[in-house]
Amino acid sequence: MILLNSMSGSDSKNSIDRTNSPNSPYGSVQTDGNSRAVSVCMLKGGVGKSTIAVNLARQLAAHEHDVLLIDLDPNGHASVGLGFDDQYHNTEETIGDVFFNDADPTSVVYDTSYEFDILPSSEDLEQVEREIVVGDVFQPSALLKREVVDPLLGDTYDYIVTDSPAYRSRLTDNALVATANLVLPLAPGNEAMAGLERTIERQISPLRQHMDVDVLSLVPNMLSGRIDQQTQDRQLLERLNSHDNLQDRIPNFARITDWEAVDAGDLKPSPGIRDRTSITKAYGERKPLLDYDPDCDQLQCFDELAHIVEAGEVVRHV
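Sequence positions are assigned chain by chain, starting from 1 and proceeding in written order. Owing to the predicted nature of the model, reporting of local features is limited to residues with pLDDT of at least 70; listing and counting of side-chain atom pairs is limited to 80 or more, with chain, interface and lining totals taken over all residues. Calculated side-chain values reflect all of the structure's heavy atoms, with hydrogen atoms and water omitted.

**Student:** I keep staring at the environment of Asp85 and nothing clicks. Help me out?
**Tutor:** To qualify as a helix, a DSSP run of H or I must reach at least 4 residues; to qualify as a strand, a run of E must reach at least 2; elements of each kind are numbered from the N terminus. Residue placement: Asp85 occurs in helix α3 (residues 85–89). For Asp85, a relative accessible area of 25% puts it in the partly exposed group. Here a residue-residue contact requires only that any non-hydrogen atoms of the pair lie within 4.5 Å. Every residue in contact with Asp85, bar those within four places of it in the chain, is listed here: Val80 and Arg286. Exposed residues in this analysis have more than 50% of their type's maximum accessible area, buried residues have under 20%, and partly exposed residues fall in between, with area computed by a 1.4 Å probe over protein chains only.

Right under this line is the structure:
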């Protein structure tokens, strides 16, 4: 059983902040005005974590925030996807030096040229992980918080987004401890909900014994099929939208409340982040989607995710 309601650490938000984003479906957005760190994570590969992390950071920057993207995935998809191949292959100075050698975190931070900064991954990140002292679930997992996030969040950056590995690791635990706010992507398939359950049981629940962890949003990603038939896309959306403990964390762009109207053909929505050629090509061109194709219809999804991070919760359209 999925029990997300026990993981929420956020209070209700009560202030209003207007935004100027051209892709925003909002006239206004609730926000508490606080800086916030968030991890994009899921204990399952192939769900589009890096794509979401990069484009979430970009949309937050488009809202005129100072944003840092931290790539903690040893595969380095987010780093390479933004053109930081050289930094990924160069292991002379990495986040390991920040963790273990008292290096200033800004020494391994770079300007992406897309209005946000990146602390890129590196080929030796798995070795860095092995060097993290073995201990209890909390203390070895506090390095990122102590050495990077706490010194930079609020003073230097309004928002910090981390891209985490797709497996349980000390790096993933570091991301969760440092941020305590999660965006969880899910892709259609037989293992979609199993990946969510693994993430909750193996990562989130153990950390909840030591700290508050809040799931800001569950994000159906990489959808392409019809939902008026029993496709895997529909199965994923039905399970998320019908689960009492999950509904408050489903973004508006993935929310379906009237399946009878969908089946009757009265509603023909295209919920979730949909597969688009522009998303794939943007990665190949080493650009965020906004800078590769500012007219792509999926930008409104990434923009809503940015609003969710700003507000600390999903804000339902009136």
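**Student:** Please explain the pairing of strand β7 (residues 159–163) as it appears in this structure.
**Tutor:** Regular strands place side chains that alternate from one sheet face to the opposite one. Buried residues dominate β7, accounting for five of its five residues. Burial along β7 is two-sided: Tyr159, Val161 and Asp163 and Ile160 and Thr162, pointing in opposite directions, are all buried. Only strands joined by at least two bridges in the DSSP assignment are considered to pair. When strand β3 (residues 36–40) meets β7, the two strands line up parallel, connected through five bridges. The residue bridging Val40 from the neighbouring strand is Asp163, located in β7. Judged from the five bridges that link them, strand β4 (residues 67–71) and β7 form a sheet pairing that is parallel. Following the sheet pairing, Leu69 is matched in β7 by Val161.

**Student:** Which parts of the structure should I look at to understand helix α7 (residues 170–179)?
**Tutor:** The buried fraction of α7 is high, at nine of 10 residues. Within α7 the residues assigned to the buried category are Leu171, Thr172, Asp173, Asn174, Ala175, Leu176, Val177, Ala178 and Thr179. In this structure, the buried side of α7 is in contact with β3, α5 (125–131), α6 (143–152), β7, β8 (181–186) and α8 (192–208). Definition of a polar contact: a pair of N or O atoms within 3.5 Å, with one able to donate and the other able to accept a hydrogen when the atoms are protein atoms, and with sequence-neighbouring residues admitted only if both atoms are side-chain atoms. For α7, the side-chain oxygen to backbone nitrogen distance between the N-cap and Leu171 is 3.3 Å, and the N-cap itself is Ser169. One or two residues past the end of α7 sits Ala180, with phi positive at roughly 65°.

**Student:** Would you mind going over the pattern of salt bridges with me for this structure?
**Tutor:** The salt bridge criterion pairs a side-chain nitrogen of Lys or Arg with a carboxyl oxygen of Asp or Glu, the two atoms within 4 Å. Applying the stated rule across the entire model yields 14 salt bridges. The residue Arg198 makes a salt bridge to Glu191 at a minimum N-O spacing of 3.7 Å. For Arg198, a relative accessible area of 21% corresponds to the partly exposed category. Residue Arg208 is joined to Asp212 by a salt bridge in which the shortest nitrogen-to-oxygen separation is 3.4 Å. The partly exposed category is assigned to Arg208, whose relative accessible area is 26%.

**Student:** Would you explain the side chain of Thr112 in this entry?
**Tutor:** By the secondary structure assignment, Thr112 is in the loop between β5 (110–111) and β6 (117–119). Looking at Thr112, the relative accessible area reads 4%, which means it is buried. A distance of 3.1 Å separates a polar atom in the side chain of Thr112 from the backbone nitrogen of Tyr114. Polar side-chain contacts of Thr112 include one of 2.6 Å to the backbone oxygen of Phe116.

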